[in-house]
Amino acid sequence: MGTNQRPAWEYKTIEPPKGLTKRETIDPTAELNDLGADGWELTATIDYDKGGTKLLILKRPVYDE
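These lines cover the structure that appears in this document, whether it is placed above or below.

Calculation criteria
Residues numbered from 1 in each chain as written. Predicted model: local features only at pLDDT ≥ 70, side-chain atom pairs only at ≥ 80, totals over all residues. Heavy atoms only, no water. Helix = DSSP H or I, 4+ residues; strand = E, 2+ residues; numbered from the N terminus. Contact = heavy atoms within 4.5 Å. Salt bridge = Lys/Arg side-chain N within 4 Å of Asp/Glu carboxyl O. Buried < 20%, exposed > 50% of the residue type's maximum accessible area, 1.4 Å probe, protein only. Phe/Tyr/Trp six-rings, centres within 6.5 Å; stacked < 30°, edge-to-face > 60°. Lys NZ or Arg CZ within 6 Å of the ring centre and 35° of its normal. Pairing = 2+ DSSP bridges. Axes fitted to C-alpha atoms, helices over the stretch in contact; angles between N-to-C directions.

**Some points on the overall build of the chain**
Here is step 1: The helix and strand tally for the chain stands at one helix and three strands.
Here is step 2: Its helices and strands taken in sequence order, the chain reads β-α-β-β from the N to the C terminus.
Here is step 3: Of the contacts formed within the chain by residues at least 6 apart in sequence, a portion of 43% connects residues at least 24 apart.

Okay, here's the thing in structure tokens:
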């Protein structure tokens, strides 16, 4: 990337994995580590109005090939 170019990003959203009751969230650490190894970075969450996380938002830079 040149010094005058703005970085380009791609984005991904994932739902936190749910447990057997579909109410409790399972720890997403393993999935986030796998995504991190592929260059994804967790940047934000979207929460339900009354609590709980609905979506995880990730981004990574796009490189010219």
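**Considerations on the pattern of salt bridges**
Here is step 1: The tally for this structure, following the rule as stated, stands at one salt bridge.
Here is step 2: A salt bridge links Arg60 to Glu10; the shortest N-O distance between them is 2.7 Å. Here Arg60, found in strand 3 (residues 53–61), pairs with Glu10, found in strand 1 (residues 9–14); they are 50 residues apart in sequence, far enough to count as distant.
Here is step 3: For Arg60, a relative accessible area of 23% gives the class partly exposed.
Here is step 4: Note on Glu10: relative accessible area 31%, which makes it partly exposed.

**Structural notes on the packing of aromatic side chains**
Here is step 1: Considering all chains together, one arrives at zero aromatic pairs under this definition.
Here is step 2: When the ring centre of Trp9 is taken as reference, the NZ or CZ atom of Lys59 above it lies at 3.9 Å.

**Some details on the sheet that holds strand 2 (residues 41–47)**
Here is step 1: Pairing in this open sheet of three strands is antiparallel, and the strands run 1-3-2 from one edge to the other. What marks the edges here is a single partner per strand, and that holds for strand 1 and strand 2. Ignoring which end each strand starts from, the neighbouring axes of this sheet average 25° apart.
Here is step 2: Where strand 2 and strand 3 come together, six bridges link them in antiparallel fashion.

**Structural notes on the environment of Val62**
Here is step 1: Examined against the element boundaries, Val62 turns out to sit in the segment after strand 3.
Here is step 2: Remark: the alpha-carbon pair of Val62 and Gly39, spanning 23 residues in sequence, is separated by 9.8 Å.
Here is step 3: Those residues within four positions of Val62 in sequence are excluded, and the remaining contacts are Ala8, Trp9 and Glu10.

Just distances and angles here, no functional claims.
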